[in-house]
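# Commentary on secondary and tertiary structure
This is what each chain is made of:
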Amino acid sequence: MSEAKLIDGKLKAQELTDKIKQSTSDLKSNGIVPGLAVVIIGEDPASQVYVRNKKRTAEACGFYSVQHDLPENVDQSEVLDLINKLNNDDQIHGILVQLPLPKHLDEQEITQTIAPQKDVDGFHYVNIGQLSAGEVEQAFVPCTPAGCMLMIEDHVGKDLSGMHAVVIGRSNIVGKPMANLLLKANATVTICHSRTSDLESITKTADIVVAAVGRAEMVKGEHIKDGAVVIDVGINRVEVEEHGETKSKLTGDVDFNSASMIASAITPVPGGVGPMTIAMLMFNTLRAAKFSDKK
Ligand code: GUN
């Protein structure tokens, strides 16, 4: 047994954003500046951090970047009015409403109001439908699974014929689109979730494991097959004791220490999937801007 290769999401994301920067300056010479609008509602501290990083990266790519901060108690109709305004704003090519939303808001109505051609999160039913139908070239693919897929391709290639991929988690943001991308790449795909019995016996047969459950260090080395590629989507904040002090640290859904002794390649948390998600948001926004040129 040797230690797994570390999949450096931070480095790959940097390489991607460098390319996006170049394409942006080419597009600018044709008079188009990619524009991204991020809407954040309320004060959720984790969302504030994510949105700040998205804005910073958008600016570093040379995009026109705007942020709309709405109060926690905003009305559904005010959110819909803002989205409609952004849908009709020619300077804006991509719109993202940061989730989760305050409980009183209707998430489905909000995400479905974003014009499909500006839906850089890939949450609109048009984009979900295209991805499910295997029309990956046309769809906006949700950023996290799109980033995971690039990291998988780097390690095992684009064609996953004969491979068994196990996705743990069935969310609309990660699990389901991830499964569709893996299917499109010819993998045999199993989706597991909180109601799956004997999860470990399934993950043990996987050549590729994507963990997106939101439970700290749930997937252990003993649950994976020798040589598997392990992608950890989890971002869990846990309290740890260090030198007699309680500290808070980020950890994934995978127990990195034990899994990295069994896997052939593994993503760290932080520094794995997270930076790739932001890079893919930039990629989708650039693509939306390029499409707008062809109208
Ligand atoms: N919250 C957590 N992940 C995401 C994401 O990918 N997009 C949006 N809009 N909100 C999120």
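Rules and cut-offs
- Residues numbered from 1 in each chain as written.
- Predicted model: local features only at pLDDT ≥ 70, side-chain atom pairs only at ≥ 80, totals over all residues.
- Heavy atoms only, no water.
- Core = buried A, V, L, I, M, F, W, Y, C linked by side-chain atoms within 4.5 Å.
- Buried < 20%, exposed > 50% of the residue type's maximum accessible area, 1.4 Å probe, protein only.
- Helix = DSSP H or I, 4+ residues; strand = E, 2+ residues; numbered from the N terminus.
- Contact = heavy atoms within 4.5 Å.
- Patch = residues over 30% accessible without salt bridge, like charges linked within 9 Å, V, L, I, M, F, W, Y side chains within 5 Å.
- Areas by Shrake-Rupley, 256 points an atom, 1.4 Å probe, with all protein chains shown as cover.
- Salt bridge = Lys/Arg side-chain N within 4 Å of Asp/Glu carboxyl O.
- Lys, Arg positive; Asp, Glu negative; His and termini not counted.
- Charge placed at Lys NZ, Arg CZ, Asp CG, Glu CD.
- Pairing = 2+ DSSP bridges.
- Axes fitted to C-alpha atoms, helices over the stretch in contact; angles between N-to-C directions.
- Expected span 1.5 Å × (residues − 1).
- Arc of directions from axis to C-beta.
- Near = heavy atom within 4 Å.
- Polar contact = N/O pair within 3.5 Å; in protein donor to acceptor, adjacent residues only side chain to side chain.
- Nonpolar A, V, L, I, M, F, W, Y, C, P; charged D, E, K, R; others polar.

## Things to note about the nonpolar core
Ranked by size, the top nonpolar core spans 52 residues in total, and within it I152, L160, M178, L182, I231 and M282 carry the most contacts. When residues in this core are grouped by element, the largest group, 10 residues, is from helix 10 (residues 273–293). The contacts of M282, once residues within four sequence positions are left out, are I20, L36, K54, T57, A58, C61 and F63. One finds A37, V66, V79 and L105 within the second-largest nonpolar core, a separate group that totals 19 residues.

## Points about a negative patch on the surface
Among the surface-exposed residues, E43, D44, D69 and E72 lie close enough to one another that they form a single negatively charged patch. Given the relative accessible area of 61%, E43 is considered exposed.

## Let's talk about the sheet that holds strand 5 (residues 164–168)
Within a sheet, neighbouring strands are paired by backbone hydrogen bonds and run either parallel or antiparallel to one another. If you walk across this open sheet you meet the six strands as 1-11-8-7-5-6, and the pairing is parallel. Two strands close off the open sheet at either side, each with one partner strand: strand 1 (5–6) and strand 6 (188–192). Bridge count for strand 5 against strand 6 is five bridges, and the pairing is parallel. From the neighbouring strand, H164 faces strand 6, where its bridge partner is T188. Docked against the sheet, helix 7 (residues 175–184) engages strand 5, strand 6 and strand 7 (208–211), running at close to 170° with respect to strand 5.

## A short note on helix 1 (residues 9–28)
Across its 20 residues, helix 1 extends 28 Å between first and last C-alpha, which sits within 8% of the 28 Å expected from 1.5 Å per residue. For helix 1, every residue scored as buried is listed here: G9, K12, A13, L16, T17, I20, T24 and L27. Taken end-on, helix 1 shows its buried residues confined to a sector of 130°, consistent with a single buried face. Considering only its buried residues, helix 1 is in contact with helix 2 (45–60), helix 6 (143–156) and helix 10.

## Considering the site of the ligand
Around the ligand, the neighbouring residues are L96, V97, Q98, L99, D121 and F123. Between the ligand and L99 there is a distance of 2.9 Å, counted from a nitrogen atom to a backbone nitrogen or oxygen. Isolated, the ligand exposes 280 Å² of accessible area, and the fraction of that covered by the protein chains is 81%. Within the shell around the ligand, the residues separate by chemical class into four nonpolar, one polar and one charged.

## Observations regarding the sheet that holds strand 3 (residues 64–70)
Reading across the sheet, the three strands line up as 3-2-4 and stay open at both edges, with parallel pairing between neighbours. Unpaired on one side and paired on the other, strand 3 and strand 4 (94–97) mark the two borders of the sheet. The mean inter-strand angle of the sheet, taken between neighbouring strand axes irrespective of direction, is 15°. Bridge count between strand 2 (residues 35–41) and strand 3: seven bridges; the pairing is parallel. Bridged to L36 within strand 3 is S65. Of the strands in this sheet, strand 2 and strand 4 touch helix 10, which is tilted by about 130° from strand 2.

## What to know about unusual backbone geometry
That bond from L99 to P100 is cis: its omega, 5°, falls within 30 degrees of zero. Positive phi, normally seen in glycine, also occurs at H243, with a value near 50°. Structurally, H243 is set in the loop between strand 9 (236–242) and strand 10 (245–251). The exposure class of H243 is exposed, given its relative accessible area of 78%.

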